Amino acid sequence: MSKELNADFWNHRWTTGQTGWDIGYASPALTQYMEQYKNKNAAILIPGCGNAHEAAFLVANGFTNITLLDISSTAVLILEEKFTLSNGVEIPKLGLGTWFISDKDVVQAVKDAVQIGYRHIDTAQAYRNERGVGEGIKSCGVKREELFVTTKLAAEVKSYKKAVSSIDQSLKTMGLDYADMMIIHSPQPWTKFGEAERYFEGNREAWRALEEAYKAGKLRAIGVSNFEKPDLDNILASCSVKPMVNQILAHISNTPKELIKYTQDKGILVEAYSPVAHGELLKNTEVAKIAEKYGVTIPQLGIRYVLQLGLLALPKTANPAHMKNNADVDFIISEADMDVLQNVEQIKDYGNASMMPVYGGKLNLKSMLSMIFRRG
Ligand SMILES: NC(=O)c1ccc[n+]([C@@H]2O[C@H](COP(=O)([O-])OP(=O)(O)OC[C@H]3O[C@@H](n4cnc5c(N)ncnc54)[C@H](OP(=O)(O)O)[C@@H]3O)[C@@H](O)[C@H]2O)c1
């Protein structure tokens, strides 16, 4: 039963607006839906076991034609949901981001996340915590094959030879026989990010190394990150294995719709990084009001927003309470609110992360040192 409850299912029910066939939730947005639909003769699907009392509550509030769905827990649903990559490999829709979690702290963060139900961890050579991620994976008590680990080939690696040794080094550092996915972190080295030179040849070379490692069974999937349309076209024109994902900056107020569509049309899954805008979304009062309306936190709203766009969500936290909160996203943002959220004034100031190239900043020696200092 829980298999039906994927985003497409909910969105279909929502957007088709079939007469007498709307959806309510037991929590946390039940009150809102009740308010919205109390005048309709609506069938209500309630996720969660033993909700007879909730059904009675709805009847008392004027609902008729109620259907109960018997599924165990709303909070774990998203953790069980997966996308299928173009090569048939399944990838959990929610992953734990680990940028700025130290190599030491990430061990516990991975264990906590797995304990909560996360099965997907996102790291990178550049985060300097691959070793800790590997340790967490090996000591978390869940079988390796049930976990999905992504790492990233450093943005500066733009030759075949360096890419080959760099891929092997990642596996060695993590202490793993294989990674579930490895992606090119950026089409340009960080210090050149946003410049005219797109490093087409270097990216084709790095891609060739990833393809080889994929074919050799060292990587179950391969992909790219921060790739714009010309960067994707460059790889697609010459590859023997198509990229399976493009991991890009996508969050409320910053939704690169054209790139998302272009990528998805090529059969490539889009992963949304910084779904909480690196924490900056928490300061946005307009977004706060909408989150309040749904009875959810801003990070929950941000995560649900990208999932509802059909993207994979990668929120970062080492705090178990935040991990749980971020996985409790079984509510629906209405089409009207999705539009509002898409058009929220774009966040341009990413606070003390503004110097990062992914947020439009420029890296120099000073900012690189400050980044290393922050990472601890
Ligand atoms: N491919 C790339 O170039 C690229 C670039 C950036 C990021 N990424 C990936 O995407 C991941 C996420 O992006 P991000 O690290 O920029 O940040 P993010 O997930 O957008 O935001 C993280 C911030 O939100 C806070 N937060 C998260 N959940 C919360 C909750 N439930 N309640 C309150 N605060 C919450 C965190 O605080 P606490 O830590 O205190 O919980 C942290 O300050 C990264 O870790 C990385 O794996 C990839």
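Here the structure is a predicted model, which means the values were calculated and not measured.

**Details of the overall build of the protein**
Next, step 1: The helix and strand tally for the protein stands at 15 helices and 12 strands.
Next, step 2: The proportion of buried residues among the 376 residues of the protein is 43%.
Next, step 3: A fraction of 68% describes how many contacts in the protein between residues 6 or more apart in sequence connect residues 24 or more apart.

**Quick notes on the confidence of the model for the protein**
Parts of the prediction with low pLDDT should not have their coordinates interpreted in detail.
Next, step 1: Per-residue pLDDT for the protein has a mean of 84; in total, 77% of the residues score no lower than 70.
Next, step 2: Scored below 50 in pLDDT, residues 1–30 shows 58 contacts in the model against residues more than four places distant or in partner chains.
Next, step 3: Within the model, the stretch residues 43–54 combines pLDDT values under 50 with 36 contacts to residues more than four positions away or in other chains.

**Quick notes on the sheet that holds strand S11 (residues 269–273)**
Next, step 1: Within the open sheet, the 8 strands sit side by side as S5-S6-S7-S8-S9-S10-S11-S12. Their pairing is parallel. Either end of the sheet is taken by a strand with one partner, and the two such strands are strand S5 (96–97) and strand S12 (312–314).
Next, step 2: Relative to strand S6 (residues 120–122), S5 runs parallel, the two being bridged by 2 bridges. The residue bridging Leu96 from the neighbouring strand is Ile121, located in S6.

**Side note on the environment of Ser159**
Next, step 1: Its location among the elements puts Ser159 in the loop between strand S7 (148–153) and helix H7 (160–174).
Next, step 2: For the pair Ser159 and Glu201, spaced 42 residues apart in sequence, the C-alpha to C-alpha distance is 8.4 Å.

**Comments concerning the pairing of S7**
Next, step 1: For S7, the buried fraction is high: 6 of the 6 residues fall into the buried class.
Next, step 2: With 3 bridges connecting them, S6 and S7 associate as parallel partners. Among the inter-strand pairings, Asp122 is bridged to a residue of S7, identified as Thr150.
Next, step 3: Note on the crossover from S6 through helix H6 (residues 130–139) to S7: the handedness is right-handed.
Next, step 4: Where S7 and strand S8 (residues 181–184) come together, 4 bridges link them in parallel fashion. Within S8, the residue paired with Thr150 across the bridge is Met181.
Next, step 5: Between S7 and its parallel partner S8, the chain crosses via H7, and the hand of that crossover is right-handed.

**Let's talk about the environment of Ile116**
Next, step 1: Within the secondary structure, Ile116 is located in helix H5 (residues 105–116).
Next, step 2: For Ile116, a count of 17 C-beta atoms within 10 Å corresponds to the partly exposed category.
Next, step 3: Sequence spacing of Ile116 and Pro320 is 204 residues, and the spatial spacing of their C-alpha atoms is 7.9 Å.
Next, step 4: With near-sequence residues (within four places) excluded, Ile116 lies in contact with Pro320, Met323, Lys324 and Ala327.

**Some remarks on the site of the ligand**
Next, step 1: Residues in close proximity to the ligand total 27 residues, the closest being Gly97, Trp99, Gly279, Lys316 and Thr317.
Next, step 2: It is helix H13 (residues 320–327) that contributes the most residues to the shell around the ligand, 3 residues altogether.
Next, step 3: Of the residues assigned to the shell around the ligand, the class counts are 10 nonpolar, 15 polar and 2 charged.

**Some thoughts on the packing of H5 against H6**
Next, step 1: It is the contact of H5 with H6, at a shortest axis distance of 7 Å, that shows an interaxial angle of 35°. Helix-helix and strand crossings are classified by hand; for H5 and H6 the assignment is right-handed. Along its contact with H5, which presents Val106, Val107, Ala109, Val110 and Lys111, the element H6 presents Gly132, Val133, Glu135, Gly136, Ile137 and Ser139.
Next, step 2: Considering only residue class, the contact of H5 with H6 consists of 6 nonpolar, 3 polar and 2 charged.

**Notes on the environment of Val241**
Next, step 1: Checked against the element boundaries, Val241 lands in the loop between helix H9 (229–238) and strand S10 (245–249).
Next, step 2: Each C-alpha atom of the pair Val241 and Ser86 lies 10.0 Å from the other, and the pair is 155 residues apart in sequence.

**Observations concerning unusual backbone geometry**
Next, step 1: At Phe100, a position not held by glycine, the phi torsion is positive, near 70°.
Next, step 2: Considering the arrangement of structural elements, one finds Phe100 in the loop between S5 and H5.
Next, step 3: Here the phi dihedral of Ser274 falls at roughly 50°; this positive angle occurs in a residue that is not glycine.
Next, step 4: Note that Ser274 resides in the loop between S11 and helix H11 (285–294).
Next, step 5: Judged by the 27 C-beta atoms lying within 10 Å of it, Ser274 falls in the buried class.

**A word on H6**
Next, step 1: Burial analysis of H6 places 7 of its 10 residues in the buried class, which makes it a mostly covered element.
Next, step 2: All buried positions along H6 are accounted for by Glu130, Gly132, Val133, Gly134, Glu135, Gly136 and Ile137.
Next, step 3: Summarising the contacts, the buried residues of H6 are in contact with H5, S6, S7 and H7.
Next, step 4: Within two residues after H6, Gly141 carries a phi angle of roughly 90°, on the positive side.

**Observations regarding the pairing of S11**
Next, step 1: Of all 5 residues in S11, 5 are buried; the element is thus mostly enclosed.
Next, step 2: In S11, alternate side chains face the same way, and those of Leu269, Glu271 and Tyr273 on one face and Val270 and Ala272 on the other are all buried.
Next, step 3: Relative to S11, S10 runs parallel, the two sharing 5 bridges. Considered in S11, the bridge of Val245 is made with Leu269.
Next, step 4: Between the parallel elements S10 and S11, the chain passes through helix H10 (residues 257–265) in a crossover that is right-handed.

The rules behind the values
Residues numbered from 1 in each chain as written. Predicted model: local features only at pLDDT ≥ 70, side-chain atom pairs only at ≥ 80, totals over all residues. Helix = DSSP H or I, 4+ residues; strand = E, 2+ residues; numbered from the N terminus. Buried ≥ 20, exposed ≤ 12 C-beta atoms within 10 Å, placed from the backbone. Contact = placed C-beta atoms within 7 Å. pLDDT = per-residue confidence, 0-100. Pairing = 2+ DSSP bridges. Right-handed = clockwise from strand over helix to strand, strands pointing away. Near = placed C-beta within 6 Å. Nonpolar A, V, L, I, M, F, W, Y, C, P; charged D, E, K, R; others polar. Axes fitted to C-alpha atoms, helices over the stretch in contact; angles between N-to-C directions. Left-handed = near helix turned anticlockwise from the far one by under 90°.

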